[in-house]
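These are the residues of each chain, in order.
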Amino acid sequence: MALSEHDRERISAAIRSAEAGTSGEIVCVLAETSSDATGLPLLVAAVAALALPWFLVAFTALTVHNILVAQVATFVVLAVVLCLPRVRVALLPRAARRAVAHRVALEQFAIRGIARKKERSGS
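Residues numbered from 1 in each chain as written. Predicted model: local features only at pLDDT ≥ 70, side-chain atom pairs only at ≥ 80, totals over all residues. Heavy atoms only, no water.

Undergrad: What is the right way to look at the overall build of the protein in this model?
TA: Of the regular secondary structure elements, the protein holds five helices and zero strands. Walking the protein from its N terminus toward its C terminus, one meets helices and strands in the order α-α-α-α-α. Taken across its 123 residues, the protein has 15% of its residues classed as buried. For the protein, long-range pairs separated by at least 24 residues make up 61% of all intrachain contacts whose partners lie at least 6 apart in sequence. (Helix = DSSP H or I, 4+ residues; strand = E, 2+ residues; numbered from the N terminus. Buried < 20%, exposed > 50% of the residue type's maximum accessible area, 1.4 Å probe, protein only. Contact = heavy atoms within 4.5 Å.)

Undergrad: Please explain a nonpolar patch on the surface as it appears in this structure.
TA: Taken together, the side chains of Leu42, Leu68, Val72, Phe75, Val76 and Val80 define a hydrophobic patch exposed on the protein surface, amounting to about 500 Å² of accessible area. Ranked by residue count, the leading element in the nonpolar patch is helix α3 (residues 64–82), at five residues. When you line up the elements, valine 80 lands in helix α3. (Patch = residues over 30% accessible without salt bridge, like charges linked within 9 Å, V, L, I, M, F, W, Y side chains within 5 Å. Areas by Shrake-Rupley, 256 points an atom, 1.4 Å probe, with all protein chains shown as cover. Salt bridge = Lys/Arg side-chain N within 4 Å of Asp/Glu carboxyl O.)

Undergrad: How do you make sense of the side chain of glutamine 71 when you look at a structure like this?
TA: Along the chain, glutamine 71 turns up in helix α3. When sequence neighbours within four positions are dropped, the list of residues in contact with glutamine 71 reads Ala49, Leu50, Leu52 and Pro53.

Undergrad: What am I meant to see in the packing of helix α2 (residues 39–59) against α3 here?
TA: Helix-helix packing is described using two parameters, namely the angle between the two axes and the distance between the axes. Packing of α2 against α3 brings their axes to within 8 Å, and their N-to-C directions diverge by 155°. With respect to α3, the axis of α2 lies roughly antiparallel. The interaxial crossing formed by α2 with α3 has right-handed handedness. Here Pro41, Leu42, Val44, Ala45, Ala46, Ala48, Ala49, Leu50, Leu52, Pro53, Leu56 and Val57 of α2 come into contact with α3, specifically with Ile67, Ala70, Gln71, Thr74, Phe75, Leu78, Ala79 and Leu82. (Axes fitted to C-alpha atoms, helices over the stretch in contact; angles between N-to-C directions. Parallel < 35°, antiparallel > 145°, perpendicular 65-115°, else oblique. Left-handed = near helix turned anticlockwise from the far one by under 90°.)

Undergrad: Hey, could you run me through the pattern of salt bridges in this one?
TA: A pair can form between side chains of opposite charge whenever their charged atoms are brought close. Considering all chains together, one arrives at two salt bridges under this definition. Taking the shortest distance from any N to any O, the salt bridge between aspartate 7 and arginine 10 comes out at 3.4 Å. With aspartate 7 and arginine 10 both in helix α1 (residues 5–19) and three residues apart, the pair spans about one turn of that helix. Taking the relative accessible area as the measure of exposure, aspartate 7 reaches 27% and is therefore partly exposed. Judged by relative accessible area, which is 52%, arginine 10 ranks as exposed. For arginine 103, the salt bridge goes to glutamate 107, with nearest N and O atoms at 2.8 Å. Linking arginine 103 with glutamate 107, this pair stays in helix α5 (residues 94–111), spanning four residues, or about one helical turn.

Undergrad: Help me understand α3, please; the structure alone is not making it clear to me.
TA: An α-helical turn contains 3.6 residues, so any two residues separated by three or four positions project in the same direction. Taking 1.5 Å as the rise per residue, α3 with 19 residues should run 27 Å; its terminal C-alpha atoms sit 26 Å apart, in good agreement. Among all positions of α3, only Ile67, Gln71, Ala79 and Leu82 are buried. Buried residues of α3 fall within an arc of 95° about the axis and therefore sit on the same side. Exposed residues lying more than 90 degrees from the buried face of α3 are His65, Val77 and Val80. In the core, the buried residues of α3 are packed alongside α2 and α4 (85–91). (Expected span 1.5 Å × (residues − 1). Arc of directions from axis to C-beta.)

Undergrad: Sorry if this is basic, but what is going on with the environment of alanine 46 here?
TA: In this structure, alanine 46 sits in helix α2. Between the C-alpha atom of alanine 46 and that of valine 72, which follows or precedes it by 26 residues, the distance is 9.5 Å.

The structure is reproduced here in structure tokens:
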């Protein structure tokens, strides 16, 4: 993700303007995503793939080989679809998204040493 020089100047001007009214330091961090939370999508895909054979055995006359192929295909397709960035974010509850964003913000705060500055405000 690249920013044009014009965009960089606009962001810098907005930060300078906002910092003029506070004792804190504002830091802009641009990232594709705040985290790589693939655990929940993979869990959902695995549970669906594990439940599928029960339904296929109960309601079809498929062979064991065909059921296994369907199970593997279900897991792969669901894992790929559910791990797409927009879908992955939509799966996370709002509280979990906020918690992840807060954790990542605290990490950036620590990485940049803002807590070590005067009044721990980034000044």
